[in-house]
Amino acid sequence: MVSIKGTEMILVEAIQPFDINSLGNLFGGRMLEWMANIGTVTATRFSRGPAVLAYLDRHFFIRPVRLGEFVILKARIEYAGKSSMEVRIEASKEGPGGKQELVTMATASYVAVDEYGVPRPINNVLEPTNDERQIYEEAKKRYEERKRKIEDRKFKRFDLTDPTKGLKWRVESSRWAMPSDAFVGNLVSGGRLLAWLDEIAGLLAARYSGGAAVTGSVDETAFYAPN
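Worth saying up front: this structure is predicted, and the values here are computed from it rather than measured.

S.K.: Before we go on, may I ask you to explain the side chain of threonine 107 in this structure?
M.R.: Within the secondary structure layout, threonine 107 lies in strand 6 (residues 100-112). Its relative accessible area of 6% is what places threonine 107 among the buried residues. Side-chain polar atoms of threonine 107 contact the side chain of arginine 146, separated by 3.2 Å. Sequence-distant contacts of threonine 107, that is, excluding residues within four places in its chain, are made with Tyr55, Leu56, Asp57, Val87, Arg88, Arg142 and Arg146.

S.K.: Whenever I open this one, the environment of isoleucine 10 confuses me. Can you help?
M.R.: Looking at the element boundaries, isoleucine 10 is found in strand 1 (residues 9-14). What makes isoleucine 10 exposed here is its relative accessible area of 60%. A sequence separation of 79 residues divides isoleucine 10 from isoleucine 89, and the C-alpha atoms of the two residues are 9.9 Å apart. Apart from residues no more than four positions distant in its own chain, isoleucine 10 is found in contact with Ile38, Ile72, Leu73 and Lys74.

S.K.: Can you help me understand a nonpolar patch on the surface in this one?
M.R.: Together, Ile10, Val12 and Phe70 make up a nonpolar patch on the protein surface, roughly 290 Å² of accessible area in all. Along the chain, phenylalanine 70 falls in strand 4 (residues 70-80). On the accessibility criterion, phenylalanine 70 (35% relative accessible area) is partly exposed.

S.K.: What is the right way to read the side chain of threonine 40 from this model?
M.R.: Within the element layout of this structure, threonine 40 appears in helix 1 (residues 28-47). Given a relative accessible area of 7%, threonine 40 falls into the buried group. With near-sequence residues (within four places) excluded, threonine 40 lies in contact with Ala51, Tyr110 and Phe183.

S.K.: It is not clear to me how the packing of aromatic side chains should be interpreted in this structure. Could you clarify?
M.R.: Each pair of aromatic rings is reported with the distance of its centres and the angle of its planes. Within the structure shown, the criterion is met by 3 aromatic pairs. Ring geometry for tyrosine 79 against tyrosine 143: centres 5.2 Å apart, planes inclined by 40°, an arrangement best described as tilted. Remark: tyrosine 143 occurs in helix 2 (residues 133-149) and tyrosine 79 occurs in strand 4; sequence separation between them is 64 residues. We classify tyrosine 79 as buried; its relative accessible area is 9%. Ring pairs connect the aromatic residues Tyr79, Tyr136 and Tyr143, which therefore count as one cluster.

S.K.: Which parts of the structure should I look at to understand the confidence of the model for the protein chain?
M.R.: Caution applies to low-pLDDT regions: their predicted coordinates should not be interpreted in detail. With 99% of its residues at a pLDDT of 70 or more, the protein chain has an overall mean of 89. By mean pLDDT, helix 3 (residues 153-156) is the weakest element of the protein chain at 71, and strand 4 is the strongest at 97.

Definitions and cut-offs
- Residues numbered from 1 in each chain as written.
- Predicted model: local features only at pLDDT ≥ 70, side-chain atom pairs only at ≥ 80, totals over all residues.
- Heavy atoms only, no water.
- Helix = DSSP H or I, 4+ residues; strand = E, 2+ residues; numbered from the N terminus.
- Buried < 20%, exposed > 50% of the residue type's maximum accessible area, 1.4 Å probe, protein only.
- Polar contact = N/O pair within 3.5 Å; in protein donor to acceptor, adjacent residues only side chain to side chain.
- Contact = heavy atoms within 4.5 Å.
- Patch = residues over 30% accessible without salt bridge, like charges linked within 9 Å, V, L, I, M, F, W, Y side chains within 5 Å.
- Areas by Shrake-Rupley, 256 points an atom, 1.4 Å probe, with all protein chains shown as cover.
- Salt bridge = Lys/Arg side-chain N within 4 Å of Asp/Glu carboxyl O.
- Phe/Tyr/Trp six-rings, centres within 6.5 Å; stacked < 30°, edge-to-face > 60°.
- pLDDT = per-residue confidence, 0-100.

In structure tokens, the structure reads:
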């Protein structure tokens, strides 16, 4: 059995030239990928086997991160069901003076899976302390709400209707899923998919606005089937 605090993981990333946009700020997609990755590591470590991102809450980017600064990512399991885990992810930045400021925070659902992407039982037990009980109950409530939101996922996964068809401002892109895009096994990383979505959305926003565009927020994101 593990307490909520016992599941905490920390990752530090240095912002390098290939991480930034034309304004010198960290790409939103890169941050999304890092957040999804630390969530995956945390869920994989707790469940003692592969885990994939299933749902990410809406969140806002409060402040930009600049070249030369550090991003400090923290994640922890706040609730665990039979196969699903509720994970809280926070990202802060640290400047040259060592001062830390929150950049963004999100809660996400991860699912323990086997090598084929099929849900499997979690081989661990989350046992919150008395001080963590409220956190656990709030996370359980989020879990129940998410289940209702994606209860039609078995049908949604086959709905390939293009909502942008016929629109003047649209862009389309195709990607090869390469081994380097996988995080566990042969499944494409949820973080890599988020980075691709951010990239194509930023491209469209820049074309429409006639200049640079940055990610301000990301709406709720549901993953219906592993890839």
